[in-house]
Amino acid sequence: MHFGSGSWSSYNIPAKRSVATDPYERIERMASASAVVIFSMSTCCMCHAVKRLFCGMGVNPTVYEIDEDPLGKEMETALMRLLGGASAVPVVFIGGRLVGAMDSVMGSHINGTLIKKQERCELTWIRMRFPVKSVSRCT
């Protein structure tokens, strides 16, 4: 996957590795691996818009291009089922929780709750990954 200069270089593109074949398990594991995860297709203009939205907010999302995955069709079907039959991409997870497709993401962005979800999740995700040891206060 190639991106030009600028904000595109801020995406986390995970290395390809061997994974389980159950698409729901894969999605759950992938969605929980980073604070903000976007399931996308490389040729989808709506996916591009969602990726740009998050980059514009200063977020560095992990992006999975399912059309470049050998098991992408199965994942696409699973994502459609998770969304209740709606278009499979883009799909956004924050903190391992499904935010939804483009309509849910944009609705949350417009009403101001998307950034709050992201900030809350980033803080929780960082605390889980890097627990703080108790520190005595200076007086």
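Sequence order as written defines residue numbering, which begins from 1 separately in each chain. It should be noted that, the model being predicted, local features are given only for residues of pLDDT at least 70 and side-chain atom pairs only at 80 or more, the latter also being counted only at that level, while totals for whole chains, interfaces and linings use all residues. The basis for every side-chain value is the complete set of non-hydrogen atoms in the structure, without hydrogens or water.

Bringing the overall build of the chain into the picture now. Helix and strand content of the chain: five helices and four strands. Buried residues in the chain amount to 37% of all 139 residues. In what follows, a contact means two residues having at least one pair of non-hydrogen atoms within 4.5 Å. Put simply, of all contacts in the chain between residues at least 6 apart along the chain, 66% involve residues at least 24 apart. The method behind every accessible area is Shrake-Rupley, applied with a 1.4 Å probe, and residues are considered shielded solely by the protein chains displayed. When the accessible surface of the chain is split by element, carbon and sulfur atoms take 56% of a total near 8,500 Å². Segments assigned H or I by DSSP are reported as helices when at least four residues long, segments assigned E as strands when at least two residues long, and all are numbered from the N terminus. Residue burial is assigned from relative accessible area. The probe radius is 1.4 Å, only protein chains are included, and a residue is buried under 20% of its type maximum, exposed over 50%, and partly exposed in between.

By the convention used here, strands pair only if DSSP detects at least 2 bridges between them. Taking strand neighbours across the sheet as the criterion, the four strands line up as 2-1-3-4 in an open arrangement whose pairing is mixed. Either end of the sheet is taken by a strand with one partner, and the two such strands are strand 2 (62–65) and strand 4 (97–100). Going across the sheet, the axis of each strand differs from the next one's by a mean of 25 degrees, ignoring polarity. Summarising the sheet, strand 1 (residues 36–40) and strand 3 (residues 91–94) pair through four bridges and their orientation is antiparallel. From the neighbouring strand, Val-37 faces strand 3, where its bridge partner is Phe-93. All axes are obtained by fitting lines to C-alpha atoms, using only the stretch in contact for helices, and the reported angles, taken between N-to-C directions, cover 0 to 180 degrees. Contacts from helix 1 (residues 23–32) reach strand 1, strand 2 and strand 3, with the element oriented near 135 degrees to strand 1.

Among the structural elements, Glu-76 can be located in helix 3 (residues 72–82). For Glu-76, a relative accessible area of 19% corresponds to the buried category. The residues touching Glu-76, leaving out its near neighbours within four places in the chain, are Met-41, Ile-66 and Ala-88.

With that out of the way, let us pick up the pattern of salt bridges. When a carboxyl oxygen of Asp or Glu lies within 4 Å of a side-chain nitrogen of Lys or Arg, that pair is called a salt bridge. Inspection of the entire model under this criterion finds three salt bridges. Among the salt bridges present, the one from Glu-65 reaches Lys-51, with a minimum N-O distance of 2.8 Å. Here Glu-65 is found in strand 2, whereas its partner Lys-51 is found in helix 2 (residues 45–56), with 14 residues between them in sequence. Here Lys-51 falls in the buried class, since its relative accessible area comes to 4%. Residue Glu-76 pairs with Lys-73 through a salt bridge whose shortest N-O separation is 3.6 Å. With Glu-76 and Lys-73 both in helix 3 and three residues apart, this pair spans about one turn of that helix.

Here we come to the pairing of strand 2. By the alternation rule, side chains of strand 2 split into Thr-62 and Tyr-64 and Val-63 and Glu-65, which are all buried. Of the strand pairs in this sheet, strand 1 and strand 2 are connected by four bridges, and their pairing is parallel. Bridge pairing in strand 2 links Phe-39 to Tyr-64. What joins strand 1 to strand 2 is helix 2, and the crossover it makes is right-handed. Orient the strands so they point away from the viewer, and a crossover whose first-strand-to-second-strand path over the helix runs clockwise is right-handed.

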